[in-house]
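# A structural walkthrough
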Amino acid sequence: MTENTTTQLIQEVVDYLVETDTQELSGWGENRSDWLNQGGELLKGIDKLISGDLRIKKDDGSIGTYQAYRVQHNNACGYYKGGIRFSTGVNQSEVKTLAMLMTLKNALHDLPYGGGKGGVHIDVRKHSERELKEVSHAFVRLLQNDIGPYRDIPAPDVGSGTQLMDWMTEEYKQLHPNQPFINTFTGKSVENGGTNGRAESTGIGTFLSYYYLVDAVLNGSLKMNGKHSDKKEMIQAIGKKENVTVAVQGFGNLSRAAAIEAKNSERKHTVIAVSDSRSTVYSAKGLDVEKLAPFKEENDRLPNDKELKDMGMEAEVLDPNAVLTLDCDVLILGAIEDQITIENQADIKAVILVEGANGPLTQTADEYLTAQGKIVIPDILANAGGVTVSYLEWVQGFTNEVKSKEDILENMSERMKEVSMRVYKAYFSCEHDESLRFLCYKLAVVRVIQLMKTSGKII
Ligand code: GLU
């Protein structure tokens, strides 16, 4: 997933829409291609980039300098919205790409938001708590006039979390006395205006995006075009298995919640592997992921052989990439981008791949695996549980009505189901041969361009 492949896909979707008489745009008359081309052009660019070097005094007395970016991509559908990542992978082009994905994700999920993303180039493991707090405050000072509850609402992403959102909220509050501040960030701690269930939401939503697909095929609620019969049979076969095997890449916030949801779901799923940047923990008989989760949280790593034995768990320790090529039915990719590439695409054995992280498959790998008849559930469909609960947190910030974790997760699940079903119905009834990713982009692009037209951004 790169800036080029993302803009290229947007262009392909626009070209397709220009050539094809889609139902949604049937009322647009002879200006249709003109509007589509204008909208596509706007979507390939960004509204605003805010960038600068964050400088802080480090614990050893030296000055630390960190490049920081916030990209506001498009606000046709509402206020800019998207996470802030703290990672050494951060650069301007990556933040821009991720901001584009947020615009598409929010549009696909009918959330009242546009797309934005932020990033700080930093290795969080090499900094003290005080240093990270200073960096987060410096970032808010850089962004102070560009973010706010009615303008741009950041949230956690890779390398950031509740603590960072609380620190940032505090700095924003100090900089803007007498102004609303509570909804400037989502993903805050529950005590500080956050919502119950935000931490688990992305992982649970990711698993559900796959689960609802199997459900819909099993209960016959999808009208199938004959050309999809192979896929139908493949999904049915998985759904009818006594025991579906799942491998999960990653074991951070997202992957932990996805793995636990898989293990406890109504139809039997066995999580055979989880991983992190140092190792894969594997057991063909299945892992007790609820037992592994607290270990990972406390130690920031997975257990080694001896520790697994001490915990009474029968499992092997393999290299970190082993998780990707294991023999399994479902592979949940919950770590970072560009994990399945031209190098390892031929070794993938899973039949269904779910993108919990943003862009874990390169475009080449996506095309290769899709051509092999595998199902790839794309990021903008699968990982929207987090931003959906961010939306619920934002609503809670206005109403002050705090909902229980069960209510929040049920609300999120219903929304994920509604959008997933809309996508799967369109996919299986479609005459054309298009990937799920192409279809999701298409539905999102249509919504954004429709709103651009309604609001007069394109004429
Ligand atoms: N960073 C998450 C994402 O990529 C959440 C964004 C949000 O909650 O605004 O979807």
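Residues numbered from 1 in each chain as written. Predicted model: local features only at pLDDT ≥ 70, side-chain atom pairs only at ≥ 80, totals over all residues. Heavy atoms only, no water.

### Regarding the overall build of the protein chain
Across its full length, the protein chain carries 15 helices and twelve strands. The globule rule puts the C-alpha radius of gyration for 459 residues at 23 Å, and the 22 Å found for the protein chain is close to it. Buried residues in the protein chain amount to 57% of all 459 residues. Pairs at least 24 residues apart make up 70% of the contacts formed inside the protein chain by residues separated by at least 6 positions. For the protein chain, the distance from the average site of its 51 positive side-chain charges to the average site of its 65 negative ones is 2 Å. (Helix = DSSP H or I, 4+ residues; strand = E, 2+ residues; numbered from the N terminus. Rg over C-alpha atoms; globule rule 2.2 N^0.38 Å. Buried < 20%, exposed > 50% of the residue type's maximum accessible area, 1.4 Å probe, protein only. Contact = heavy atoms within 4.5 Å. Lys, Arg positive; Asp, Glu negative; His and termini not counted. Charge placed at Lys NZ, Arg CZ, Asp CG, Glu CD.)

### Looking at the site of the ligand
Around the ligand, 14 residues are found, and the nearest of them are Lys81, Lys105, Pro156, Asp157 and Ser390. Side-chain polar atom of aspartate 157 to a nitrogen atom of the ligand: 2.7 Å apart, as the coordinates give it. At a separation of 3.1 Å, an oxygen atom of the ligand approaches a polar side-chain atom of arginine 198. Its free accessible area being 300 Å², the ligand has 94% of it covered by the protein chains. (Near = heavy atom within 4 Å. Polar contact = N/O pair within 3.5 Å; in protein donor to acceptor, adjacent residues only side chain to side chain. Areas by Shrake-Rupley, 256 points an atom, 1.4 Å probe, with all protein chains shown as cover.)

### Structural notes on the sheet that holds strand 3 (residues 80-87)
Within a beta sheet, neighbouring strands are joined by backbone hydrogen bonds and run either parallel or antiparallel to one another. With mixed pairing, five strands are arranged side by side in an open sheet as 1-2-4-3-5. The sheet is open, and its two edges are formed by strand 1 (48-57) and strand 5 (152-156), each paired on a single side. The average undirected angle you get between the axes of adjacent strands in this sheet is 20 degrees. With six bridges connecting them, strand 2 (residues 63-74) and strand 4 (residues 115-121) associate as antiparallel partners. Opposite arginine 70, over in strand 4, you have glycine 118 as the bridge partner. Sheet strands touched by helix 3 (residues 92-108): strand 1, strand 2, strand 3 and strand 4. Its angle to strand 4, the strand with the most contacts, is close to 150 degrees. (Pairing = 2+ DSSP bridges. Axes fitted to C-alpha atoms, helices over the stretch in contact; angles between N-to-C directions.)

### Concerning the packing of aromatic side chains
Across all of its chains, the model carries twelve aromatic pairs by this definition. Considering the side-chain rings of tyrosine 113 and tryptophan 394, the 5.3 Å spacing of their centres and the 70 degrees angle between planes classify their relative orientation as edge-to-face. One end of the pair, tyrosine 113, is in the loop between helix 3 and strand 4; the other, tryptophan 394, is in helix 13 (residues 385-399), with 281 residues separating them in the sequence. Exposure class is identical for tyrosine 113 and tryptophan 394. Each is buried. Members of the aromatic cluster, connected to one another through ring pairs, are Tyr79, Tyr113, Tyr150, Tyr391, Trp394 and Phe398. Lying across the ring of tryptophan 35, lysine 453 places its NZ or CZ 4.6 Å from the centre. (Phe/Tyr/Trp six-rings, centres within 6.5 Å; stacked < 30°, edge-to-face > 60°. Lys NZ or Arg CZ within 6 Å of the ring centre and 35° of its normal.)

### Considering helix 8 (residues 253-263)
The set of residues buried in helix 8 consists of Leu254, Ser255, Arg256, Ala257, Ala258, Ala259 and Ala262. The secondary structure elements touched by the buried residues of helix 8 are helix 6 (198-218), strand 6 (244-249), strand 7 (269-275), helix 9 (289-299) and strand 10 (330-333).

### With respect to the environment of phenylalanine 207
Within the fold, phenylalanine 207 resides in helix 6. It is 11 Å that separates the C-alpha atoms of phenylalanine 207 and leucine 353, two residues lying 146 residues apart in sequence. Residues in contact with phenylalanine 207, not counting those within four places in the same chain, are Ala258, Glu261, Ala262, Ser265, His269 and Ile332.

### Quick notes on helix 4 (residues 129-143)
Over its 15 residues, helix 4 extends 21 Å from the first C-alpha to the last, a length consistent with the 21 Å expected when each residue adds 1.5 Å. When we look at burial in helix 4, the residues that qualify are Glu131, Leu132, Val135, Ser136, His137, Ala138, Phe139, Val140 and Leu143. Packed against the buried residues of helix 4 are strand 1, strand 2, strand 3, strand 4 and helix 5 (162-175). (Expected span 1.5 Å × (residues − 1).)

### Quick notes on the side chain of aspartate 276
Relative to the helices and strands, aspartate 276 resides in the loop between strand 7 and strand 8 (280-282). With a relative accessible area of 10%, aspartate 276 lands in the buried category. Engagement of the side chain of aspartate 276 in a polar contact is seen with the backbone nitrogen of arginine 278, the distance being 2.9 Å. Aspartate 276 has contacts with Lys296, Arg301, Leu302 and Pro320, leaving out every residue within four places of it along the chain.

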